[in-house]
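A closer look at the structure
Listed below are the residues making up each chain.
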Amino acid sequence: MIALPKMIGASGNDCIVATVTMVCMYWRLTKGNLAWHLPSDFESQEWANLFENGRKYVRMSGMPFNNIKLFLRKLNLPLSVELEFLEDTYGLRNLINENIPPIVLYDHTYFMKNVRGPGHAVILVDQTQEMLVSVNPSLEPKFYHKLAKIDFEESWKMNHNATIIIYPKTYKLEVTKIPTKTLMSYFKEEGTI
Amino acid sequence: MKYRLRAQALDEPQLIAYDRILRRYGSSCYPQAVNEESDHWRIPIGVYVQSSVIDEKTEKEKIFNLNFQNVGEVLVRKSTRKIMKATSLGTLGKNITEKRASVRRIVEQDLIKILGEKELQIRFGQLRFAFAGLQPIYRTVTRLLLEDYPTYNDLLNIGNHYLEQVDLLIEIGYAEYTDQEPRKLVATNKMKELYWKEKNVDKTIDAIFGLVLSEYYYDLQKGRRIAQFIPYVRASTAYYGDAIQFGRLISIKEHRLKESIREYYKGAPAPPRLKYAYPTLIRELVNAQILEYDNEYITGRTDIFERLLESRSKLPLSEGQFSFFG
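Reading guide: rules and limits
- Residues numbered from 1 in each chain as written.
- Chains lettered and ligands numbered in written order.
- Predicted model: local features only at pLDDT ≥ 70, side-chain atom pairs only at ≥ 80, totals over all residues.
- Heavy atoms only, no water.
- Helix = DSSP H or I, 4+ residues; strand = E, 2+ residues; numbered from the N terminus.
- Rg over C-alpha atoms; globule rule 2.2 N^0.38 Å.
- Buried < 20%, exposed > 50% of the residue type's maximum accessible area, 1.4 Å probe, protein only.
- Contact = heavy atoms within 4.5 Å.
- Areas by Shrake-Rupley, 256 points an atom, 1.4 Å probe, with all protein chains shown as cover.
- Lys, Arg positive; Asp, Glu negative; His and termini not counted.
- Charge placed at Lys NZ, Arg CZ, Asp CG, Glu CD.
- Axes fitted to C-alpha atoms, helices over the stretch in contact; angles between N-to-C directions.
- Parallel < 35°, antiparallel > 145°, perpendicular 65-115°, else oblique.
- Left-handed = near helix turned anticlockwise from the far one by under 90°.
- Nonpolar A, V, L, I, M, F, W, Y, C, P; charged D, E, K, R; others polar.
- Domains from an automatic or database assignment.
- Buried area = accessible area lost by both parts, 1.4 Å probe.
- Salt bridge = Lys/Arg side-chain N within 4 Å of Asp/Glu carboxyl O.
- Pairing = 2+ DSSP bridges.
- Core = buried A, V, L, I, M, F, W, Y, C linked by side-chain atoms within 4.5 Å.
- Disulfide = S-S within 2.5 Å.
- Phe/Tyr/Trp six-rings, centres within 6.5 Å; stacked < 30°, edge-to-face > 60°.

Re the overall build of chain B
From N to C terminus, chain B includes twelve helices and eleven strands. A compact globule built from 326 residues would reach a C-alpha radius of gyration of about 20 Å, whereas chain B, at 26 Å, exceeds it by more than 25%. In terms of its C-alpha atoms, chain B occupies a principal-axis envelope of roughly 95 × 50 × 30 Å. Each of the 326 residues in chain B was classed as buried or not, and the buried ones make up 52%. Restricting to contacts in chain B with at least 6 residues of sequence separation, those with at least 24 account for 67%. Working note: accessible area of chain B is about 15500 Å², and carbon and sulfur atoms make up 46% of it. Averaging the positions of the 50 positive and the 43 negative side-chain charges in chain B gives two centres separated by 8 Å.

Focus: the overall build of chain A
The helix and strand inventory of chain A stands at seven helices and seven strands. Scaling as 2.2 N^0.38, a compact globule of 193 residues should have a C-alpha radius of gyration of about 16 Å, and chain A matches this with 17 Å. Buried residues in chain A amount to 53% of all 193 residues. Long-range contacts, defined as pairs at least 24 residues apart, comprise 59% of the intrachain contacts of chain A with a sequence gap of at least 6. Surface summary for chain A: the accessible area is close to 8800 Å², and the carbon and sulfur share equals 50%.

With respect to the packing of helix α7 (residues 189-198) of chain B against helix α8 (residues 201-223) of chain B
Between two packed helices, both the angle of their axes relative to each other and the distance between the axes serve to describe the pair. All names here are of chain B. In contact at an axis separation of 8 Å, α7 and α8 are set at 125° when each is read in the N-to-C sense. When the axis of α7 is compared with that of α8, the two are oblique. As for the relative orientation of α7 and α8, their crossing is right-handed in sense. Contact residues: α7 offers Met191, Leu194, Tyr195 and Glu198, while α8 offers Val201, Lys203, Thr204, Ala207 and Ile208. For the contact of α7 with α8, the per-class residue count stands at six nonpolar, one polar and two charged.

Some points on the domain arrangement of chain B
Residues and elements named next belong to chain B. Partitioning chain B into domains gives domain 1 (13-99) and domain 2 (113-316). Computed over C-alpha atoms, the centres of domain 1 and domain 2 are 39 Å apart. Summing both sides of the interface, domain 1 and domain 2 together bury roughly 1400 Å²; the carbon and sulfur share of this comes to 52%. Summed over the three residues of domain 1 that lose the most area to domain 2, namely Val53, Glu56 and Lys57, the buried surface amounts to 41% of that side. At the surface where domain 1 touches domain 2, the tally comes to three salt bridges.

Some thoughts on the sheet that holds strand β1 (residues 79-85) of chain A
Residue and element names in this part refer to chain A. Taken in spatial order, the six strands make up an open sheet running β1-β6-β2-β3-β4-β5, and their pairing is antiparallel. Whereas interior strands pair on both sides, the edge strands pair on one side only; in this sheet they are β1 and β5 (144-148). Neighbour-to-neighbour, the strand axes of this sheet turn through a mean angle of 35°, independent of strand direction. Note that strand β4 (residues 131-135) and β5 share five bridges and pair antiparallel. Bridging from a neighbouring strand, valine 135 pairs with tyrosine 144 of β5. Docked against the sheet, helix α3 (residues 65-75) engages β1 and β6 (162-168), running at close to 170° with respect to β1. Along the sheet face, helix α6 (residues 149-157) touches β2 (103-107), β3 (119-127), β4, β5 and β6 and points at about 80° away from the line of β2.

As for the side chain of arginine 234 of chain B
All names here are of chain B. Here arginine 234 is to be found in helix α9 (residues 230-246). Here arginine 234 is buried and forms no salt bridge, its nearest opposite-charge partner glutamate 108 lying at an N-O distance of 5.4 Å. In this structure arginine 234 touches Ile261, Tyr265, Ala268, Pro269, Ala270 and Pro271, once residues within four positions along its chain are discounted.

Remarks on the nonpolar core
Among the nonpolar cores identified, the biggest contains 164 residues, and Phe152 and Ile166 of chain A together with Ile208 and Tyr240 of chain B are the most heavily contacted of them. Each of two domains, domain 1 (13-99) and domain 2 (113-316) of chain B, supplies a minimum of three residues to this core. In contact with isoleucine 166 of chain A, other than residues within four places in its own chain, are Val20, Val23, Trp27, Leu72, Leu79, Ser80, Val81, Ile100 and Ile103 of chain A.

Here's the deal with the pattern of salt bridges
All names here are of chain A. Per the counting criterion, the structure on display carries 24 salt bridges over all chains. Across the pair glutamate 84 and lysine 177 runs a salt bridge whose closest N-O atoms are separated by 2.8 Å. Residue glutamate 84 is found in strand β1, and its partner lysine 177 is found in strand β7 (residues 172-178); the two are separated by 93 residues along the sequence. Under the relative-accessibility criterion, glutamate 84 is labelled buried at 8%.

Here we look at the state of the cysteines
Enumeration over the complete set of coordinates arrives at zero disulfides over all chains. No disulfide involves cysteine 15 of chain A; its sulfur sits 13 Å from the nearest other cysteine sulfur, which is in cysteine 29 of chain B. We classify cysteine 15 of chain A as buried; its relative accessible area is 2%. Judged by its relative accessible area of 2%, cysteine 29 of chain B is buried.

Topic: the packing of aromatic side chains
Residues and elements named next belong to chain B. Evaluated as defined, the whole model comprises 14 aromatic pairs over all chains. Ring centres 5.0 Å apart and planes at 35° place the aromatic pair tyrosine 30 and tyrosine 48 in the tilted group. Here tyrosine 48 lies in strand β4 (residues 40-55) and tyrosine 30 lies in strand β2 (residues 29-31), a separation of 18 residues in the sequence. By relative accessible area, which is 10% here, tyrosine 30 ends up buried.

Quick notes on the pairing of strand β5 (residues 60-77) of chain B
Residues and elements named next belong to chain B. For β4 and β5, the ladder comprises 15 bridges, and the chain directions are antiparallel. Counted as the bridge partner of isoleucine 43 is valine 74 from β5. Remark: four residues form the turn of the hairpin made by β4 and β5, two consecutive strands paired antiparallel; glutamate 59 in that turn has positive phi of roughly 55°. Pairing of β5 with strand β6 (residues 83-86), which is carried by three bridges, proceeds in the antiparallel orientation. Counted as the bridge partner of valine 74 is alanine 86 from β6.

Considering the interface of chain A and chain B
Contacts between chain A and chain B engage 50 residues on the former and 38 residues on the latter. Taken together, both faces of the contact between chain A and chain B bury some 4200 Å²; the carbon and sulfur share is 57%. Sorting the residues of chain A by area buried against chain B places Met60, Ser61 and Phe85 of chain A first, and these three jointly supply 17% of that buried surface. Along the contact surface separating chain A from chain B lie three salt bridges. A salt bridge links glutamate 174 of chain A to arginine 4 of chain B, with the shortest nitrogen-to-oxygen separation between them at 3.3 Å. When residues of the side of chain A that touches chain B are traced back to their parent elements, those giving at least two are α3, β1, α4 (89-97), α5 (108-113), β3, β6 and β7 of chain A.

Given below as structure tokens:
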């Protein structure tokens, strides 16, 4: 299980800022040898400012990914950030296994009620055969929320499996792009298999 | 360290549009159905805007999603599968603000119509600041009820602004000019009947104010620049707007109502003298029987709320993912 050093509560569109801040804190703790100019004390004012400054990048329509990039670049953190539409939950499983906490954007309203709603950001920190364990900033003070894999997959699919990956600049992420329609899916559409 | 990941290629118009949405707008937006056109796909954008309402007495908060469609669009070229054209973030923000204003207008218009209903017996005369703006109506109705009929020239000599408001009384059928010279303004049977029913000058004036307000609020505000009613209407709309979203009357404190007004009318032009003391404004709304006090809280009237509840179905509303119960 990935242990996040500090939980940050947020509601509405601030969920992305909270998750990004929590993941930055995680890397500060686990990769202390990188060129950080932020203290290791997560209760310090610098970290509080980081979250508050991040909120300035939130718009009525949510926080654009480009703003997350800009925000992290301005802070000059030794981290890279990517937005990817993963192929499936195996990708998430691999990231968790490699101790890289993925921020997933999924339709929480659909997950809860089968009704479409806005994309919601949570951090995945662990998994079992049937469950994914998430840290949900909107569920303060509990934070931890177990998501049934099958239901999660459906509601994550609503957001095209969107995932934000924040990782140290010393890592290299190689992304293989898979066509959304495979030969098999054409055969399935035709009903030949 | 090297990590390998498998991700979907951006080869579907919906996915290309969603990638653009997440990168430039945010995760509250979503692509609507794809429209195929000659050399490109047109993908309209919808957005979920969150709105939260708190009942301070029961410490209960509900978060709602307002679903607005067509707040922007993305055009994807078929040959290259690249973005051809897309709404800018600034324009998208403006479109969302406009859509929010349309929701506000629905509630405001319905509330104004309801407040004009005679059965509710709203005491408009208690709204002192607004009253100042409608002095010509007040004075004219008082004179007519006392059978002191002014001539057209008398009214004209006072000023055009005076005559304009008198015209409103004529338009709603409560006053008319005589045919003989000198033309005099007289009360119609409608006004006499109303006075006979109310048996009180002040109550008759309240009822006439209600009618004028419900019929001509926007005209008074824009055409005749009588803006004194605006703070009262905004405070009432913000309260009842939140209450109908919540599904029942809520009890809030003064500072919360102030915040609700600010939130509800975000982006709307500020009315003159918005800072007109809130405690006074609220007390006058209570005296006028539009709002009520519930000990230290402010609440609404059940009959107004019930009449307004129909407006809820007109709102693009769905209850959000999180409802906190205290």
